[in-house]
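In case you want the letters, here they are:
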Amino acid sequence: LLIPSLAAAQTAGDSDVPRTPWGAPDLRGIWDNRTITPLERPRQFAGKETLTAEEATAHEAATAKQRVGDRYYWDRGTRTVSDRRTALIIDPADGRVPPLTPEGQQRFEDGRSQGVNGAEERSPTERCITRTVPRLPGLYNNNYQIFQTPGYVVILMEMIHEARIVPLDGRPHLAPTIRQFVGSSRGRWEGETLVVETVHLKQPLIRRWNRPENSLSRGDLSDALRVVERFTRLSRDTLDYEFTVDDPGTWTRPWSGSLPMARVEGPMFEFACHEGNYGLLNILAGSRAEERAAENGR
């Protein structure tokens, strides 16, 4: 269950919230979710849910100093979220992803123990196929563009340019045997909030050596994964985004997060991921070099 957040504090029918010609809350536009607030609460903020205004300012300044040498194309956030939380996770209260189940831990260990043989064993992100649902802030391309009609919402995600088409007419989900990288999504309105439930996400095989901070890589998750997202327009320039991740085959309990998105004018340009994807080429070339070295006894 979601705990109170920005959306819960907003009264229905706020005069600052635009509406579509057919009377629904207007979510249309381009929304940016950049922030320096991490998914999980850092250890130095353990037990501290929010920062004071002075602490937030100091943290933002320290982060900016650390990033002086950032690559020119990175477009990371520079500010904490508006309520100065120390983590995007709002449930559990410690701001951390819950422990893995024995099944989830074993799946992770199995993947880490194997090397990389081919492109099919790398993550869908590295292969320019897909990112995660929910989509969390990254190094760059942190924009959503939302389109609406009376019967559908389309969520176009800038990173790897995926369009999620969400019916609002109450139709059932696709059969469990039909799995897609962004799953089967169905939406409904609960008052001023668009609720999107996604199931049947495709879980490709991924072999990896370690678990990056804030990982949601598909190879770590089970076929039981269910994601519920909530989009609430708070004002002309703010969209509140909440999500709950429920995967009993991976984590010992569901967990939830929240982050505001800021309206930007755009336009949103094409993310041409496959063009010059040297990262994947170099990963595979390195694996082949390791294999040759092993064969030669070095």
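Everything below is about the structure shown above.
Worth saying up front: this structure is predicted, and the values here are computed from it rather than measured. (Residues numbered from 1 in each chain as written. Predicted model: local features only at pLDDT ≥ 70, side-chain atom pairs only at ≥ 80, totals over all residues. Heavy atoms only, no water.)

Student: Residues and numbers for the pattern of salt bridges, please.
Tutor: If charged atoms from side chains of opposite charge come close, those side chains can pair. Counted by the stated rule, this structure contains 21 salt bridges. Between E197 and R226 there is a salt bridge whose closest N-O contact spans 2.5 Å. Of the two residues, E197 sits in strand 7 (residues 193-199) while R226 sits in strand 8 (residues 226-235), which places them 29 residues apart along the sequence. A network of salt bridges, in which partner residues are shared, links R236, D237, R263 and E265. (Salt bridge = Lys/Arg side-chain N within 4 Å of Asp/Glu carboxyl O. Helix = DSSP H or I, 4+ residues; strand = E, 2+ residues; numbered from the N terminus.)

Student: Summarise helix 3 (residues 278-295); cite the residues concerned and give the values.
Tutor: Given 3.6 residues per turn, any residue in an α-helix points the same way as the ones three and four places further on. Look at helix 3: 26 Å from first C-alpha to last across 18 residues, which is about the 26 Å you get at 1.5 Å a residue. All of the buried residues along helix 3 are L280, L284 and S287. Buried positions in helix 3, seen along its axis, are confined to an arc of 55° and lie on one side of it. Facing away from the buried surface of helix 3 by more than 90 degrees, the exposed residues are Y278, L281 and N282. Backbone geometry just downstream of helix 3 places G297 in the positive-phi region, at approximately 75°. (Expected span 1.5 Å × (residues − 1). Buried < 20%, exposed > 50% of the residue type's maximum accessible area, 1.4 Å probe, protein only. Arc of directions from axis to C-beta.)

Student: Lay out the side chain of N143 in plain terms, naming residues and giving numbers.
Tutor: With respect to the element layout, N143 can be found in strand 3 (residues 143-148). According to the relative accessible area criterion, N143 is buried, its value standing at 17%. Polar side-chain contacts of N143 include one of 2.8 Å to the side chain of E158. Excluding its chain neighbours within four sequence positions, the residues that come into contact with N143 are I30, W31, D32, L156, M157, E158, V264 and M268. (Polar contact = N/O pair within 3.5 Å; in protein donor to acceptor, adjacent residues only side chain to side chain. Contact = heavy atoms within 4.5 Å.)

Student: Tell me about helix 1 (residues 53-66), residues and numbers included.
Tutor: Here helix 1 is 14 residues long and its end C-alpha atoms lie 20 Å apart, about the 20 Å a rise of 1.5 Å per residue gives. Taken as a whole, helix 1 has its buried residues at A56, E60 and T63. Along the axis of helix 1, the buried positions cluster into a sector of 65°, meaning they face one direction only. Opposite its buried face, helix 1 presents the exposed residues E54, T57, K65 and Q66, each directed more than 90 degrees away.

Student: Provide a residue-level description of the nonpolar core, including the pertinent values.
Tutor: Considering soluble globular proteins, one finds that nonpolar side chains tend to be buried as a cluster. If you look at the biggest cluster of nonpolar residues, it comprises 31 residues, and the most contacted ones within it are F231 and F243. Contributions of two or more residues to this core are made by strand 3, strand 4 (152-157), strand 7, strand 8, strand 9 (238-246) and strand 10 (255-264). A total of 4 residues in this core trace back to one element, the largest contributor, which is strand 9. Counting residues in hydrophobic clusters, the runner-up holds 5 residues, among them M159, I160, F271 and C273. (Core = buried A, V, L, I, M, F, W, Y, C linked by side-chain atoms within 4.5 Å.)

Student: Report on unusual backbone geometry, specifying residues and quantitative values.
Tutor: In this structure, the amide linkage connecting D91 to the following residue, P92, adopts the cis form with an omega of 15°. Looking at the element boundaries, P92 is found in the loop between strand 2 (89-91) and helix 2 (102-112). Each neighbour pair has its own omega, and for G266 with P267 the value is 5°, a cis peptide bond. Inspection of the secondary structure assignment puts P267 in the loop between strand 10 and helix 3. We note that I160 has phi near 65°; this positive angle belongs to a residue other than glycine.

Student: Now, about the state of the cysteines: what can you tell me, with residues and values included?
Tutor: Following the criterion strictly, the structure yields 1 disulfide and no others. Residue C128 pairs covalently with C273 via a disulfide, S to S 2.0 Å. Across the disulfide from C128 to C273, rotation about the S-S bond amounts to roughly -70°, and the bridge is consequently left-handed. Of this pair, C128 sits in the loop between helix 2 and strand 3 while C273 sits in the loop between strand 10 and helix 3, and the two are 145 residues apart along the sequence. (Disulfide = S-S within 2.5 Å.)

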